[in-house]
Amino acid sequence: MCGIVGYISKSGDRKSINVGIEALKRLEYRGYDSAGLAFWDESRQVICQKATGRISNLEKKMGGNGFLPLDPVILHTRWATHGNVSEANAHPHCDCTGNIFVVHNGIIENYVALREQLSQEGHKFRSETDTEIIAHLIEKCFNGNLEEAVRKSLGYLVGTYGLAVISSYDPDKIVAARLSSPLLIGLADDHFLLASDASAIISHTRKVVYLEDGEIAVINRDKFTIIREKKTEELDWPEYQSGKGSFSHYMLKEIMEQPGSVEQTIKGRLIPDEGNAKLGGLETVEKKLRQIDNIYIVGCGTSRHAGLLGEYMLEEYAGIRTKTEAASEFRYRKTLLDDSTALVAISQSGETADTLAAIREAGKRGALTLGITNVVGSTQARETDAGVYTRCGPEIGVASTKAFTSQVATLILLTLFLGRQRHLTITTGQRIVKDLLRMPEMLEAALQCDTQVKQLAEKYQAFDNFLYLGRKYSYPIAREGAHKIKETAYVHAEGCRGGEPKHCELALISDKFPSICIVPSDSVYEKMISNIEELKARNGPVIAIATEGNREIQNLADDVVYIPEAMELLTPILSIIPLQLFAYHFAVLRGADIDKPRNLAKSVTVE
Ligand code: G6P
């Protein structure tokens, strides 16, 4: 949600602010309602500056203010949890004396009690945040050594944190700590960078050390120290995928990237002759996977919709009982788990708090934990027993698009792998492999609908309600289509199973309430046609997403968008394309802030 950056150089330099702000901007997609920084000036005083709104506002504020900055510097971009959006609530927060500065991601759950106690002891608070208590706790515990004061303060906290601290009492160091909120140190030639996300520092170094939960890092000018020995990892992200290029928004760029991103997901992982998939990340648990007869898929938001598709395909093709649950529910309900159960966690970021909690809960209760994530070295990747990377490159748009299609492609690979361990025939496996190999080309064809979909968005732009309908493999697509337009354009939409409106949603339908029906030529096509008839009988306008070559549907629907023909379980990768584009163009027309949707964040690291 929020973003943290820290910078400290070997000799103390004046690049600190520029480098820090540039790194922070790469995190702006995670939290963007205010930003702030604290740094040394020439006279060895800590200066703190904050601004509401975008980081560019902070930059403007810094410009021409006459500071001669020196490092260390700590920076933060905020997504409000405790207290409204204001300069006072923006980070960094400081103690009573203005000598200790803290930036923090996460939530301190016992902050009310701590604030009361600290107030009674005479501490004066300037913000409504939970974070500020950390600065006052450090002040209380300080006895000449900053890391020792941080260590003692952490003992008071209940909740989650990734934090960075500087103090004029103990200069020339940044102290950082982590509990369930990611932090890593980037090792460049003449400086160290601290960040809550690797994307912030990738242009400086690919050598990183991830902090583990419960660890404190002391980053001095010439060295850093952490409690345990850490291994250096190489980030293998392709450089070309960063930046928005010529696109007006990351969301559109990422929609258009899907032929290439899905190609990366399947590349080198298919064995056409054997009708199988080769998944290196599952090799260590291959034998164990043969014993599995229950799968729980967990995820949040779009990742959960990919999971719903996984449920259909794993049952149909791998013959394994599968259930998908929202991670936020799974962590609290008493799901029956044993050692014949595998939990498959799906998360683009690999840092979603609810999904991580579900993994920990399932692991504790004896299940094998598998992860499908995009971010190499993320907490999910490190905490699961085994897993598969989606490899779709960094996704910046808050509305997830290319991560979704790569998650679905990964689930098809998993289905092939588990299916071929069981009863999936080589012939069916080969057919799936063949269609999957054609997917990049079919995605190119599906994207050709962009101009038509833009016109449809114009035609329907005055409507404030949409019903999305689909059956079987198209049902999760109806959910995801509705999710996309809600989060990007802020209109009401519902994603339903095609057979259900007669029990409720038909009551909503009129000429003022259009439906978007996903109706490919598959095993439930005829059933879905009957459901569309029910909408038309009530004067509901209908946009149909149908298979190329189906002319009959034009007699029924008001508008038809065609997608290429593919096997039923692969069709969702294609049918989501017009829905992503519709949400995008509709949101542009309605003036929404596409890459930074109202009230939402890219990576939700709080419960
Ligand atoms: C947030 C984002 C969604 C995303 C969800 C799960 O809510 O706004 O787009 O689907 O988090 O994120 P994850 O990184 O776990 O896939």
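Structure shown above.
What counts and what doesn't
- Residues numbered from 1 in each chain as written.
- Predicted model: local features only at pLDDT ≥ 70, side-chain atom pairs only at ≥ 80, totals over all residues.
- Heavy atoms only, no water.
- Pairing = 2+ DSSP bridges.
- Helix = DSSP H or I, 4+ residues; strand = E, 2+ residues; numbered from the N terminus.
- Axes fitted to C-alpha atoms, helices over the stretch in contact; angles between N-to-C directions.
- Contact = heavy atoms within 4.5 Å.
- Core = buried A, V, L, I, M, F, W, Y, C linked by side-chain atoms within 4.5 Å.
- Buried < 20%, exposed > 50% of the residue type's maximum accessible area, 1.4 Å probe, protein only.
- Near = heavy atom within 4 Å.
- Polar contact = N/O pair within 3.5 Å; in protein donor to acceptor, adjacent residues only side chain to side chain.
- Areas by Shrake-Rupley, 256 points an atom, 1.4 Å probe, with all protein chains shown as cover.
- Nonpolar A, V, L, I, M, F, W, Y, C, P; charged D, E, K, R; others polar.
- Parallel < 35°, antiparallel > 145°, perpendicular 65-115°, else oblique.
- Arc of directions from axis to C-beta.
- Lys, Arg positive; Asp, Glu negative; His and termini not counted.
- Salt bridge = Lys/Arg side-chain N within 4 Å of Asp/Glu carboxyl O.
- Disulfide = S-S within 2.5 Å.
- Phe/Tyr/Trp six-rings, centres within 6.5 Å; stacked < 30°, edge-to-face > 60°.
- Lys NZ or Arg CZ within 6 Å of the ring centre and 35° of its normal.

## Focus: the sheet that holds strand β18 (residues 321-326)
- As summarised here, the arrangement of the 5 strands in space is β18-β17-β19-β20-β21, forming an open sheet in which the pairing is parallel. Two strands close off the open sheet at either side, each with one partner strand: β18 and β21 (386-389). The mean inter-strand angle of the sheet, taken between neighbouring strand axes irrespective of direction, is 20 degrees.
- As judged from the 6 bridges shared by strand β17 (residues 294-299) and β18, these two strands associate in the parallel manner. From the neighbouring strand, Ile295 faces β18, where its bridge partner is Thr322.
- Against the sheet, helix α11 (residues 353-364) touches β17, β19 (341-347) and β20 (368-373), its axis set at about 165 degrees to β19.
- Helix α13 (residues 402-421) rests against β17, β19, β20 and β21 of the sheet, and its axis sits at about 160 degrees to β19.

## Considering the nonpolar core
- By size, the foremost hydrophobic cluster in this structure holds 88 residues, and its most contacted members are Leu282, Phe466, Tyr468, Ile485 and Phe582.
- If you tally residues by element for this core, the top one is helix α18 (residues 571-589), at 11 residues.
- In contact with Phe582, other than residues within four places in its own chain, are Val453, Leu456, Ala457, Tyr460, Phe466, Tyr468, Ile485, Ile516 and Ile543.
- Counting 26 residues, the second-largest nonpolar core is a separate cluster that includes Tyr7, Leu58, Leu75 and Leu184.

## Focus: the site of the ligand
- The local shell around the ligand holds 14 residues, among which Ser303, Ser347, Gln348, Ser349 and Thr352 are the closest.
- At a separation of 2.5 Å, an oxygen atom of the ligand approaches a polar side-chain atom of Ser303.
- A distance of 3.1 Å separates an oxygen atom of the ligand from a polar atom in the backbone of Val398.
- Bound to the protein, the ligand loses 90% of the 390 Å² it would expose on its own.
- Here the shell around the ligand takes 3 residues from helix α9 (residues 301-318), the largest share from any one element.
- Of the residues that constitute the shell around the ligand, the class distribution is 4 nonpolar, 8 polar and 2 charged.

## Focus: the packing of α9 against helix α16 (residues 475-489)
- Contact geometry of α9 with α16 gives a least axis separation of 9 Å together with a crossing angle of 170 degrees. As summarised for this structure, α9 and α16 are arranged roughly antiparallel, according to the angle between their axes. Across from Gly301, Thr302, Arg304, His305, Leu308, Leu309 and Tyr312 in α9, the residues of α16 making contact are Tyr475, Pro476, Ile477, Arg479, Glu480, His483, Lys484 and Glu487.
- In terms of residue class, the contact of α9 with α16 is made up of 6 nonpolar, 4 polar and 5 charged.

## As for the pairing of strand β2 (residues 34-40)
- Most of β2 is tucked away, with 7 of its 7 residues classed as buried.
- The alternating pattern of β2 places Ser34, Gly36, Ala38 and Trp40 and Ala35, Leu37 and Phe39 on opposite faces, both of which are buried.
- Sheet topology note: the β2/strand β3 (residues 46-52) ladder contains 7 bridges and is antiparallel. Along β3, the bridge assignment pairs Ser34 with Thr52.
- Connecting β2 to the antiparallel partner β3 that follows it, the hairpin turn spans 5 residues, and Arg44 within it adopts a positive phi of roughly 65 degrees.
- Examined bridge by bridge, β2 and strand β4 (residues 70-78) share 7 bridges and lie antiparallel to one another. Looking across to β4, one finds that Ala38 is bridged to Ile74.

## Considering helix α3 (residues 111-120)
- Within α3, burial applies to Tyr111, Leu114 and Leu118. Along α3, the residues classed as buried sweep out an arc of 65 degrees about the axis, all on the same side. Exposed and oriented more than 90 degrees from the buried face of α3 are Val112, Ala113 and Gln120.
- In the stretch just after α3, Gly122 is the one whose phi turns positive, near 105 degrees.

## As for the environment of Gly429
- Among the structural elements, Gly429 can be located in helix α14 (residues 426-446).
- Those residues in contact with Gly429, other than ones at most four positions away along the chain, are Gly275, Leu416 and Leu424.

## Focus: the side chain of Asp33
- Structurally, Asp33 can be placed in the loop between α1 (16-25) and β2.
- There is no salt bridge for the buried Asp33, and the closest opposite charge comes from Arg78, which lies 4.3 Å off by N-O distance.
- Separated by 3.1 Å, the side chains of Asp33 and Ser34 make a polar contact.
- Leave out the neighbours within four places in its chain, and Asp33 touches Thr52, Gly53, Arg78, Trp79, Ala80 and Val85.

## Some points on the state of the cysteines
- Using the criterion set out here, one finds 0 disulfides in the structure.
- Cys94 forms no disulfide, and the closest cysteine sulfur to it belongs to Cys48, at a distance of 6.5 Å.
- For Cys94, a relative accessible area of 15% puts it in the buried group.
- Considering cysteine sulfurs only, Cys504 is the nearest to Cys496, which forms no disulfide, with 7.7 Å between them.

## Here's the deal with the packing of aromatic side chains
- For the coordinates displayed, the defined rule picks out 8 aromatic pairs.
- With centroids separated by 5.6 Å and ring planes inclined at 45 degrees, the aromatic side chains of Tyr312 and Tyr473 adopt a geometry described as tilted. Taken together, the positions of Tyr312 in helix α9 and Tyr473 in the loop between β22 (465-470) and α16 put the pair 161 residues apart, joining distant regions of the chain.
- The partly exposed category is assigned to Tyr312, whose relative accessible area is 27%.
- With a centroid separation of 5.7 Å and 35 degrees between ring planes, the pair formed by Phe582 and Phe586 is classed as tilted. Placement of the pair is Phe582 and Phe586 together in helix α18, with a separation of 4 residues, close to one helical turn. Summarising the burial analysis for this pair, Phe582 and Phe586 share the class buried.
- Members of the aromatic cluster, connected to one another through ring pairs, are Phe466, Phe582 and Phe586.
- One Lys or Arg, Arg551, reaches over the ring of Tyr562 and ends 5.0 Å from the middle of that ring.

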